[in-house]
Amino acid sequence: HSFAAGVDGLTPFIQACLLKDGEAASVKAGDRAGTPLSMTNGRGAFSNSLAEYSVAAMLHFNKQLPRLAANKVNAVWDNFVMDTMEGKTVGLVGYGSIGQATAQMAKAAFGCKIIALRRQAAAGDPAGVADEVLGFEERDKLFRECDFVVCSLPKTVRDSPHRQGSSSSFFSRRHFDTPA
């Protein structure tokens, strides 16, 4: 069992370190001889906790908590208008269990508009929360329209640095270069 997603990454380790030469990836003990080895993960186990953290981070910036902390340290009364979360647009890069939990919390608590980015837009919204689902090729639209962007892409063997939609290719420097 793995507590993280991406169990497929354990296969080479199991084959190289835990199995004898030529042995297939199957259970070889007792009455389960020859049964394929089952791999499980904790997908979804931390989704609510990470979604809460994402919402807390949005509030941190929206409520300007660093400014408030600096004002307290400097004993400054800084009269400013504090923005609300209502009407903000939240973009979710990766719409698995963490992205879906974040969408549900942001929409339920603040009525935020939700834009989800998936490898394929046709995969839709299994949670029924997103106002819009975009495919990878529409990622620039997500960044243009969102007040906050939460990335919950997994880092798995399937996501090589050059694979379209992987966390490392998505956040390559070229996406964030700004004109001089």
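Please read all numbers here as calculations on a predicted model, not as lab measurements.

## A few points about the nonpolar core
Here is a general trend for soluble globular proteins: nonpolar side chains tend to be buried in one another's company. Core analysis: the biggest nonpolar cluster contains 15 residues, and Met 58, Val 90, Leu 92, Tyr 95, Ala 103, Cys 112 and Ile 114 have the highest contact counts within it. Of all the elements in the fold, those that place two or more residues in this core are helix H2 (47-62), strand S3 (89-93), helix H4 (97-110), strand S4 (113-118) and strand S6 (148-151). Contact partners of Leu 92, with chain neighbours within four places excluded, come to Gly 99, Thr 102, Ala 103, Ile 114, Ile 115, Ala 116, Leu 117, Leu 142 and Val 150.

## Points about the packing of aromatic side chains
How two aromatic rings sit relative to each other is given by the distance of their centres and the angle of their planes. For the structure on display, the rule yields zero aromatic pairs. When the ring centre of Phe 80 is taken as origin, the NZ or CZ atom of Arg 67, which lies over that ring, is 3.8 Å away. Above the face of the Phe 136 ring, Arg 139 is positioned so that its terminal group lies 4.1 Å from the ring centre.

## As for the environment of Gln 64
For Gln 64, the location among the structural elements is in the loop between H2 and helix H3 (65-73). Between the C-alpha atoms of Gln 64 and Met 82, which are 18 residues apart in sequence, the distance is 7.6 Å. When residues no more than four places from it in sequence are discounted, the contact partners of Gln 64 are Leu 59, Phe 80 and Val 81. Within the local environment of Gln 64, its side chain forms a polar contact with the side chain of Arg 67, the two groups lying 2.8 Å apart.

Quick notes on the rules
- Residues numbered from 1 in each chain as written.
- Predicted model: local features only at pLDDT ≥ 70, side-chain atom pairs only at ≥ 80, totals over all residues.
- Heavy atoms only, no water.
- Core = buried A, V, L, I, M, F, W, Y, C linked by side-chain atoms within 4.5 Å.
- Buried < 20%, exposed > 50% of the residue type's maximum accessible area, 1.4 Å probe, protein only.
- Helix = DSSP H or I, 4+ residues; strand = E, 2+ residues; numbered from the N terminus.
- Contact = heavy atoms within 4.5 Å.
- Phe/Tyr/Trp six-rings, centres within 6.5 Å; stacked < 30°, edge-to-face > 60°.
- Lys NZ or Arg CZ within 6 Å of the ring centre and 35° of its normal.
- Polar contact = N/O pair within 3.5 Å; in protein donor to acceptor, adjacent residues only side chain to side chain.

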